[in-house]
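Each chain, written out:
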Amino acid sequence: VQLQASGGGLVQAGGSLRLSCAASGRTFSNYVMGWFRQAPGKEREVVEAIHWGTGNTYYADSVKGRFTISRDNAKNTVYLQMNSLKPEDTAVYYCAARPSVSRTIYHRPDDYNNWGQGTQVTVSS
């Protein structure tokens, strides 16, 4: 499994960014795809996750109503649309993937065994 994340950048508070994670190497219909972030000095935390086949999602409370995860089956790509960005959203964002058992949506970093490289998101105040 190969994951390629892109789309990070510098944006002002209140702005928007869309991150992309291009996935390759197998069929992902029974995989869970997650977006995580890690700020300096903090642990990696889940942002959102989606079951590729069902479309069911998991959201961290901190991003509900602002971020949206989606996937494009034709492009084998998962997106993270981030709106109303806040300075506290500043972090390196990672996409991750793992097979799902019983359609479970996993939200702990340790549950994932495939990671893409990170993309930096910086939100200025």
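Each remark here, short or long, concerns the structure printed above.
To start, this report covers the structure provided alongside it. Values in this document were obtained by computation on a predicted structure and should not be read as measured data.

Conventions and cut-offs
- Residues numbered from 1 in each chain as written.
- Predicted model: local features only at pLDDT ≥ 70, side-chain atom pairs only at ≥ 80, totals over all residues.
- Heavy atoms only, no water.
- Helix = DSSP H or I, 4+ residues; strand = E, 2+ residues; numbered from the N terminus.
- Rg over C-alpha atoms; globule rule 2.2 N^0.38 Å.
- Pairing = 2+ DSSP bridges.
- Axes fitted to C-alpha atoms, helices over the stretch in contact; angles between N-to-C directions.
- Phe/Tyr/Trp six-rings, centres within 6.5 Å; stacked < 30°, edge-to-face > 60°.
- Lys NZ or Arg CZ within 6 Å of the ring centre and 35° of its normal.
- Core = buried A, V, L, I, M, F, W, Y, C linked by side-chain atoms within 4.5 Å.
- Buried < 20%, exposed > 50% of the residue type's maximum accessible area, 1.4 Å probe, protein only.
- Contact = heavy atoms within 4.5 Å.
- Polar contact = N/O pair within 3.5 Å; in protein donor to acceptor, adjacent residues only side chain to side chain.

With respect to the overall build of the protein
The helix and strand inventory of the protein stands at zero helices and 11 strands. Mapped in sequence order, the helices and strands of the protein form the string β-β-β-β-β-β-β-β-β-β-β. Its C-alpha radius of gyration of 13 Å places the protein within 12% of the 14 Å reference for a compact globule of 125 residues. Its C-alpha atoms put the protein at 40 × 25 × 25 Å along the principal axes.

Some remarks on the sheet that holds strand 8 (residues 77-82)
Taken together, the four strands give an open sheet; going across it, the order is 1-3-8-7, and neighbouring strands pair in antiparallel fashion. Single-partner strands in this sheet number two, and they are strand 1 (2-6) and strand 7 (67-72). Geometrically, the sheet is characterised by an average inter-axis angle of 15° between neighbouring strands, direction not taken into account.

Considerations on the packing of aromatic side chains
Under the criterion given, the structure shown has six aromatic pairs. Counting every residue linked through ring pairs, the aromatic cluster contains F36, Y94, Y112 and W115. Positioned above the aromatic ring of W115, the side-chain terminus of R44 is 4.7 Å from the ring centre. The positively charged end of R98 is found above the aromatic ring belonging to Y106, 3.8 Å away from the centroid.

Things to note about the nonpolar core
Of all hydrophobic cores here, the largest spans 29 residues; its most connected members are M33, W35, F67, V78, L80, M82 and Y93. Put simply, the parts of the chain that give this core at least two residues each are strand 1, strand 3 (17-24), strand 4 (31-38), strand 5 (45-51), strand 7, strand 8, strand 9 (91-99) and strand 11 (119-124). Here F67 is in contact with R37, V47, E48, Y59, L80, Q81, M82, N83, L85, D89 and Y93, once residues within four sequence places are set aside. Core analysis: the second largest hydrophobic core is formed by eight residues, V32, F36, I105 and Y106 among them.

Considering the environment of R37
Note that R37 resides in strand 4. The spatial distance from the C-alpha of R37 to the C-alpha of T119 is 9.3 Å, given a sequence separation of 82 residues. Beyond its immediate stretch of four places on either side in the chain, R37 contacts E43, R44, E45, V47, S62, V63, F67, E88, D89, A91, V92 and Y93. In this structure the side chain of R37 is engaged in a polar contact, spanning 2.8 Å, whose partner is the side chain of E45. A distance of 3.0 Å separates a polar atom in the side chain of R37 from a polar atom in the side chain of Y93.

Any functional reading would require information that these geometric values do not contain.
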